[in-house]
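# Commentary on secondary and tertiary structure
So the chains spell out like this:
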Amino acid sequence: MLAEGNLLGITFDAPQVSDEALWHLTQFSKAPAMLSHSGCRAFAIVRAISATTSCALTGQGGVIRINALSVALVTSREDGRTAALSDLSLKRAD
């Protein structure tokens, strides 16, 4: 399926696949992938991918949507997400 989609110039949108499936997509697809309604685990509650997978996706030229609505964000001090969110906010302000 990936090979045929690549030949046709299709961009694969894979927002609800496992980390393993997304990793395979970034490794075997010749075209960039996108995640139209996912997020990064550092910020999002649901449908979130790991930092490693996010780097593989963007390193391939892919894109990911990050939801900044407060209802979708996690701000737990125990897992470092509050610091990550604060860091993102500071970068955006610059």
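Before reading further, recall that the structure is shown in the block above.
Residues numbered from 1 in each chain as written. Predicted model: local features only at pLDDT ≥ 70, side-chain atom pairs only at ≥ 80, totals over all residues. Heavy atoms only, no water.

## Regarding the packing of helix H2 (residues 19-28) against helix H3 (residues 51-59)
- Where H2 meets H3, the axes come as close as 9 Å, and the angle between the chain directions of the two elements is 25°. By the angle between their directions, the pair H2 and H3 is classed as roughly parallel. The interaxial crossing formed by H2 with H3 has left-handed handedness. Residue-level contacts link Asp19, Leu22, Trp23 and Thr26 of H2 to Thr52, Thr53, Ala56 and Leu57 of H3.
- The residue makeup of the contact of H2 with H3, split by class, is 4 nonpolar, 3 polar and 1 charged. (Axes fitted to C-alpha atoms, helices over the stretch in contact; angles between N-to-C directions. Helix = DSSP H or I, 4+ residues; strand = E, 2+ residues; numbered from the N terminus. Parallel < 35°, antiparallel > 145°, perpendicular 65-115°, else oblique. Left-handed = near helix turned anticlockwise from the far one by under 90°. Contact = heavy atoms within 4.5 Å. Nonpolar A, V, L, I, M, F, W, Y, C, P; charged D, E, K, R; others polar.)

## Some remarks on the environment of Thr26
- Inspection of the secondary structure puts Thr26 in helix H2.
- Residue class for Thr26 comes out buried when judged on its relative accessible area of 8%.
- C-alpha separation for the pair Thr26 and Gly61, spaced 35 residues apart in sequence, amounts to 9.5 Å.
- The contacts of Thr26, once residues within four sequence positions are left out, are Ala56, Leu57 and Gln60.
- There is a polar contact of 2.8 Å between the side chain of Thr26 and the backbone oxygen of Trp23. (Buried < 20%, exposed > 50% of the residue type's maximum accessible area, 1.4 Å probe, protein only. Polar contact = N/O pair within 3.5 Å; in protein donor to acceptor, adjacent residues only side chain to side chain.)

## A word on the environment of Pro32
- Within the secondary structure, Pro32 is located in the loop between H2 and strand S2 (33-35).
- Placed 19 residues apart in sequence, Pro32 and Asp13 show a C-alpha to C-alpha distance of 9.4 Å.
- Beyond its immediate stretch of four places on either side in the chain, Pro32 contacts Thr11, Phe12, Gln60, Gly61 and Gly62.

## Comments concerning the nonpolar core
- Counting residues in each nonpolar core, the largest one holds 10 residues, listed as Phe12, Ala14, Leu22, Leu25, Ala33, Leu35, Cys40, Ile49, Leu57 and Ile64.
- For Ile64, the residues in contact, after removing those within four places along its chain, are Leu35, Gly39, Cys40, Ile49 and Leu57. (Core = buried A, V, L, I, M, F, W, Y, C linked by side-chain atoms within 4.5 Å.)

## Side note on the side chain of Gln60
- Mapped onto the secondary structure, Gln60 falls in the loop between H3 and strand S5 (63-64).
- Only 3.3 Å separates the side chain of Gln60 from the backbone oxygen of Ser29, close enough to count as a polar contact.
- Not counting chain neighbours up to four residues away, the residues in contact with Gln60 comprise Leu25, Thr26, Ser29, Ala31, Pro32 and Ala33.

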